[in-house]
Amino acid sequence: MKQTKTTKIALVSILAASSVVLGYFIKIPTPTGIFTLLDVGVFFTAFYFGSREGAVVGGLAGFLIDLISGYPQWMFSA
């Protein structure tokens, strides 16, 4: 199957959403925030699609997991 730009965008967005779900349901509180399995989706995307798409999934998923987990102070920090 030929991978078009629309297909690639859809797959990357599905991977970002699944990373958020994985990170939301499996979270371990720590004194400085939370530990999640969010990186699993980010590394898989980077290996499968490349570094640019991995960075997009990491940024978007990290932003959303901080927002919905109750740690909005970490949304914009690096």
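Calculation criteria
- Going along each chain's sequence as written, the residues are numbered from 1 onward.
- In keeping with the predicted nature of the model, local features appear solely for residues at pLDDT of at least 70, side-chain atom pairs appear and are counted solely at 80 or more, and the whole-chain, interface and lining totals rest on all residues.
- As a convention, hydrogens and water are excluded, and side-chain values are obtained from all of the structure's heavy atoms.
- Strands are runs of DSSP state E lasting at least 2 residues, helices are runs of H or I lasting at least 4, and numbering of each runs from the N terminus.
- Each residue is placed in one exposure class: buried if its accessible area under a 1.4 Å probe, protein chains only, is under 20% of its type's maximum, exposed if it is over 50%, and partly exposed if it falls in between.
- Two residues qualify as a contact provided that any one of their heavy atoms is within 4.5 Å of a heavy atom in the partner residue.
- Surface accessibility follows the Shrake-Rupley procedure with a 1.4 Å probe radius. Residue values consider only the protein chains on display as shielding.
- An axis is simply a line fitted to the C-alpha atoms; with a helix, the fit covers only the stretch in contact. Between two such axes, the angle follows the N-to-C directions and lies from 0 to 180 degrees.
- Any angle that falls under 35 degrees is termed roughly parallel, while one over 145 is termed roughly antiparallel, one within 65 to 115 roughly perpendicular, and all others oblique.
- Put simply, a crossing is left-handed when the front helix is turned counterclockwise from the back one by less than a right angle, and right-handed when it is turned clockwise.
- Here the nonpolar group is Ala, Val, Leu, Ile, Met, Phe, Trp, Tyr, Cys and Pro; Asp, Glu, Lys and Arg are the charged ones; every other residue, Gly included, is treated as polar.
- By nonpolar core we mean a set of buried residues, namely Ala, Val, Leu, Ile, Met, Phe, Trp, Tyr and Cys, connected to one another through side-chain atoms within 4.5 Å.

Undergrad: Explain the overall build of the chain residue by residue, including any values.
TA: The number of helices and strands found in the chain is 3 helices and 2 strands. A principal-axis box enclosing the C-alpha atoms of the chain has dimensions of 45 × 20 × 20 Å. Relative to its 78 residues, the chain shows a buried fraction of 29%. A fraction of 49% describes how many contacts in the chain between residues 6 or more apart in sequence connect residues 24 or more apart. With the model as given, the accessible surface of the chain reaches about 5,500 Å², and the carbon-plus-sulfur share is 71%.

Undergrad: I'd love a proper account of the packing of helix H2 (residues 38-48) against helix H3 (residues 51-69), names of residues and values included.
TA: With their axes 7 Å apart at the nearest point, H2 and H3 run at an angle of 160° to one another. By the angle between their axes, H2 is roughly antiparallel relative to H3. Here H2 runs over H3; the crossing is right-handed. Mapping the contact onto sequence places Leu38, Gly41, Val42, Thr45 and Ala46 in H2 and Ser51, Glu53, Gly54, Val57, Gly58, Ala61, Gly62 and Ile65 in H3. Broken down by class, the residue content of the contact of H2 with H3 amounts to 6 nonpolar, 6 polar and 1 charged.

Undergrad: Can you lay out the nonpolar core for me, pointing to particular residues and giving the numbers?
TA: If you look at soluble globular proteins, the nonpolar side chains tend to sit buried side by side. Counting 6 residues, the largest nonpolar core consists of Val12, Leu15, Ala16, Val42, Phe49 and Val57. Apart from residues lying up to four places away in sequence, Ala16 is in contact with Val57, Leu60 and Ala61.

Undergrad: Could you give me a rundown of the packing of helix H1 (residues 5-25) against H3, with the residues and numbers involved?
TA: It is the contact of H1 with H3, at a shortest axis distance of 9 Å, that shows an interaxial angle of 40°. Compared by their axis directions, H1 and H3 come out oblique. The element H1 and its partner H3 pack so that their crossing is right-handed. Residues Lys8, Val12, Leu15, Ala16, Ser19, Val20, Gly23 and Tyr24 of H1 lie in contact with H3, whose contacting residues are Glu53, Val57, Leu60, Ala61, Leu64, Ile65, Ile68 and Ser69. By residue class, the composition of the contact of H1 with H3 is 11 nonpolar, 3 polar and 2 charged.

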